[in-house]
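Listed here are the chains, written in short residue letters.
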Amino acid sequence: MMSSPTAVVFDWDSTLADNWGSFTLVMNKTYAAFGMPTRTEADYRAVAARSAREVFPEIFGDQAAHAHEIFYREFTALHLSKLRPMQGAESLLAHLQKAGILLSIVSNKSGEFLRREVEHLLWTDKFHRIVGANDAASDKPSAEPMTLALEGGGVPANKQVWYVGDTALDMQFAHNAGCCAVLVNAERRDLADFADYPPDMVVDSCDALIDHLRT
């Protein structure tokens, strides 16, 4: 039986927010700048989880720095244009706030852009810490961002801290940090992909997680 959480730390993209439209548009602009074929939103959803500082050198080789410049220039202009909350996310955050549970975010999205997106949805005041890529010495799945997310909150990283995310990398991060791994929006995932780092709880949506918390 899982304990009630003392803190809930969230992933961002496809967990609390949907910004795949903007991401797809910007990545395709970046690929096109190097004469590379563009991809669909579904393609990006299937592989995106790691931070740009890890992935771009693999994709663009010695042109990674230039690709970074193009991507972030375009993303600065476009990343708020298609941003929207995931179904049930706002209600979930309100429920947890009412219960007095510490809330933070750990994402592999650039911290600068992550905090802009949280602010755009008027959610900044809901969170104790908002930790993005490059904010800690290393990014997910390293446990270091979790330490930063809980710092000053009086809550140690343990199984009463839930990390809520939607990818296998998120579950690996939760395991590495010694926290409870909660897989959300699981209807889009093949659970065989999570064999190495299995979730402690699986729910289909933010609404389903509210129902679990209420019972």
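These numbers come from a predicted model, not from an experiment.

What counts, and at which threshold
- Residues numbered from 1 in each chain as written.
- Predicted model: local features only at pLDDT ≥ 70, side-chain atom pairs only at ≥ 80, totals over all residues.
- Heavy atoms only, no water.
- Buried < 20%, exposed > 50% of the residue type's maximum accessible area, 1.4 Å probe, protein only.
- Helix = DSSP H or I, 4+ residues; strand = E, 2+ residues; numbered from the N terminus.
- Arc of directions from axis to C-beta.
- Contact = heavy atoms within 4.5 Å.
- Polar contact = N/O pair within 3.5 Å; in protein donor to acceptor, adjacent residues only side chain to side chain.
- Core = buried A, V, L, I, M, F, W, Y, C linked by side-chain atoms within 4.5 Å.

**A short note on helix H9 (residues 206-214)**
Taken together, the buried positions of H9 are occupied by Cys206, Leu209 and Ile210. Taken end-on, H9 shows its buried residues confined to a sector of 105 degrees, consistent with a single buried face. Buried residues belonging to H9 abut helix H5 (89-98), strand E6 (161-165), strand E7 (180-183) and strand E8 (201-202). Put simply, Ser205 is the residue that caps the front of H9, since its side-chain oxygen is 3.4 Å from the backbone nitrogen of Asp207.

**Focus: the nonpolar core**
Phe10, Trp12, Trp123 and Phe127 are the most contacted members of the largest nonpolar core, which totals 30 residues. Elements with a minimum of two residues in this core: strand E1 (7-10), H5, strand E4 (102-110), helix H6 (111-120), E6, E7 and H9. Looking at this core element by element, the count peaks at four residues for H5. In this structure Phe127 touches Phe10, Leu16, Leu93, Leu103, Ser104, Ile105 and Val118, once residues within four positions along its chain are discounted. Judged by nonpolar contacts, the second largest core, of 19 residues, contains Val9, Val106, Leu150 and Ala174.

**Looking at the environment of Val106**
Along the chain, Val106 turns up in strand E4. Sequence separation between Val106 and Asp170 is 64 residues, and the spatial gap between their C-alpha atoms is 9.6 Å. Setting aside residues no more than four positions away along its own chain, Val106 makes contact with Val9, Phe10, Asp11, Val131, Lys140, Pro145, Met146, Ala149, Tyr163 and Phe173.

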